[in-house]
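What follows is the residue order along each chain.
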Amino acid sequence: MAAQAEPSLLVDYAPVMLWQAGPDRARTFFNQPWLDFTGRPLEAELGFGWIGGVHPEDRARCEQVCEQGFASRAPFTLDFRLRRHDGEWRWLLETARPLCQDGQFTGFLGSCVDITDMRQAMEERRRALAERELLLAELHHRVKNNAQATTSFLGLQASRATSPEVAAALRGAATRVMLATLVQDRMFRIAENATIDLGTELLATARAAVDVVGRPGIVIEADMEQDLLLPVSQATPLALIVNELVVNAARHAFTDRPAGTIRVALRRPAPGLGELMVADDGIGLPEAQKRNTPQGCLGLHLVPRLARQAHASLRLDVDGGTKATLRFACG
């Protein structure tokens, strides 16, 4: 049988710094890794001498947490800076647990690990993320300003156009740029790796589109399943699709009357599958738009491309109004 090491030897060869304290909080033991770290003799660390190696800014907090832990006799954790033997302040993470013998509280046993490198890595990552967010915010601001300038320019050109068809096309382009900017602005305010409630976003997009087009007789009828969450990267093209379809319906589906209904529905037809439907009860598409020719609506040219970005299938029905159905993977 192999010889077993003495408990005291095991403690000194432990890969962490260990200490023990009595019920009065005075430290009664430090293992060799602690002494090697501080470079101080055991006699200097015992009792409350160890606190002299704690950073002055951390001492009060360190003593308070220890005192509360001993008073409640409950485990506690604490991070603080301790002076290393070479004079450098290093961050330690301390974990302490109460000791009991025969049902009597006898003190605490604690362990410490050096987390300085981990904290520095986390701080560098936090700083890099902050710089990245700042750059993205600046880029978003510039893109938004450019989009607003483009919208104004298109509107100005529309007012100067002598051809009614050209003026209408320019105004349509201005509206499209403005609404797409609104969608992107809302999405930008959400963390990149976060998910978004798709129903809430799509309903907001549809209502904004109708408001901007300026057809007060058109009603948005919504049937949105709640808690269908998608990442921003997938939700953005779906919102842009709703924007294009609602604008197209508001402008072209009800030319024969002042009022109409646009229905936007979102559901889960099967586990892991989402379905988005945008339909109107208007006059349907002209033949040119049904054939998806250049004479058709620009929005219907954009929708298939946006569907590919969202990894969604698209079906367009044009009888008895217009209905677009998209299916996509979801969690």
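Here, the structure is the one placed above.
The sections below set out a description of the structure shown in this document. Since the model is a prediction, treat every value here as computed from it, not as a measurement. (Residues numbered from 1 in each chain as written. Predicted model: local features only at pLDDT ≥ 70, side-chain atom pairs only at ≥ 80, totals over all residues. Heavy atoms only, no water.)

**Quick look at the overall build of the protein chain**
- The helix and strand tally for the protein chain stands at 10 helices and 12 strands.
- For the protein chain, buried positions account for 39% of its 331 residues.
- The contacts of the protein chain with a sequence gap of at least 6 include a subset with a gap of at least 24, amounting to 59%. (Helix = DSSP H or I, 4+ residues; strand = E, 2+ residues; numbered from the N terminus. Buried < 20%, exposed > 50% of the residue type's maximum accessible area, 1.4 Å probe, protein only. Contact = heavy atoms within 4.5 Å.)

**Thoughts on the sheet that holds strand β9 (residues 260-270)**
- Strand order in the open sheet made by the 5 strands is β7-β9-β10-β12-β11, with mixed pairing throughout. The sheet is open, and its two borders are formed by β7 (218-224) and β11 (312-317), each paired with just one other strand. Averaged over all neighbouring strand pairs, the angle between strand axes comes to 15°, with direction disregarded.
- Sheet topology note: the β7/β9 ladder contains 7 bridges and is parallel. Paired with I220 across the strands is I262, a residue of β9.
- Helix α8 (residues 232-252) contacts β7, β9, β10 (273-280) and β12 (322-329) of the sheet and is inclined by roughly 15° relative to β10. (Pairing = 2+ DSSP bridges. Axes fitted to C-alpha atoms, helices over the stretch in contact; angles between N-to-C directions.)

**Re the sheet that holds strand β4 (residues 89-101)**
- Taken in spatial order, the 5 strands of this open sheet run β2-β1-β5-β4-β3, and their pairing is antiparallel. Here the strands that pair on one side only, and so sit at the sheet edges, are β2 (27-30) and β3 (76-83). Taking the axes of each pair of neighbouring strands and ignoring which way they run, one obtains an average angle of 25° across the sheet.
- In this structure, β4 lies alongside strand β5 (residues 104-114), joined through 10 bridges in antiparallel fashion. Each residue of the ladder has a partner; that of Q101, found in β5, is Q104.
- Set on the sheet, helix α4 (residues 56-72) makes contact with β1 (17-21), β2, β3, β4 and β5; between it and β3 the angle comes to about 150°.

**Observations regarding helix α7 (residues 198-213)**
- In this model α7 runs 23 Å from its N-terminal to its C-terminal C-alpha over 16 residues, within 8% of the 22 Å that 1.5 Å per residue would give.
- Along α7, the residues that are buried comprise L198, G199, E201, L202, L203, T205, A206, A209 and V210.
- Sitting at the amino-terminal end of α7 is D197, which places a side-chain oxygen 3.2 Å from the backbone nitrogen of G199.
- Following α7 by one or two positions, G214 adopts a phi angle in the positive range, close to 80°. (Expected span 1.5 Å × (residues − 1). Polar contact = N/O pair within 3.5 Å; in protein donor to acceptor, adjacent residues only side chain to side chain.)

**Comments concerning the nonpolar core**
- Judged by nonpolar contacts, the single largest core of 39 residues is most densely connected at L198, V246, I262, L276 and F328.
- Of all elements in the fold, only α7, β7, α8, β9, β10, α10 (298-309) and β12 reach the threshold of two or more residues within this core.
- A per-element tally of this core places α8 first, with 11 residues.
- When near neighbours in sequence (up to four residues on either side) are disregarded, L198 contacts L228, L230, A235, L238, L266 and F328.
- Core analysis: the second largest hydrophobic core is formed by 22 residues, W34, I51, A96 and F108 among them. (Core = buried A, V, L, I, M, F, W, Y, C linked by side-chain atoms within 4.5 Å.)

**Section: the packing of aromatic side chains**
- A full pass over the atoms with the stated rule returns 5 aromatic pairs.
- Relative to W34, the ring of F30 has its centre 4.7 Å away and its plane inclined at 40°; by these criteria the two rings are tilted.
- On the basis of relative accessible area, W34 is assigned to the buried category, the value being 0%.
- With centroids separated by 5.9 Å and ring planes inclined at 80°, the aromatic side chains of F105 and F108 adopt a geometry described as edge-to-face. The exposure classification of F105 matches that of F108, with both residues buried. (Phe/Tyr/Trp six-rings, centres within 6.5 Å; stacked < 30°, edge-to-face > 60°.)

**Some words on unusual backbone geometry**
- Of note in this structure, D102 is not a glycine but carries a positive phi near 55°.
- Mapped onto the elements, D102 comes out in the loop between β4 and β5.
- Even without being glycine, D227 reaches a positive phi, approximately 60°.
- Structurally, the position occupied by D227 is in the loop between β7 and β8 (229-231).
- Using a relative accessible area of 55% as the deciding quantity, one classes D227 as exposed.

**Structural notes on α4**
- An ideal rise of 1.5 Å per residue puts 24 Å on 17 residues; α4 measures up with 25 Å between its terminal C-alpha atoms.
- For α4, the full list of buried residues reads D58, C62, C66, G69 and F70. Within α4, the buried residues cover an arc of 95° as seen down the axis, which keeps them to one side. Within α4, the exposed residues directed more than 90 degrees away from the buried face are E57, A60 and A71.
- Next to the buried residues of α4 lie β1, β2, β3, β4 and β5. (Arc of directions from axis to C-beta.)

**Describing the pairing of β9**
- Note that β9 and β10 share 7 bridges and pair antiparallel. What sits directly across from I262, in β10, is D280.
- The antiparallel pairing of β9 with β10 creates a hairpin that spans 2 residues between the two strands, and G272 there sits at a positive phi of about 80°.

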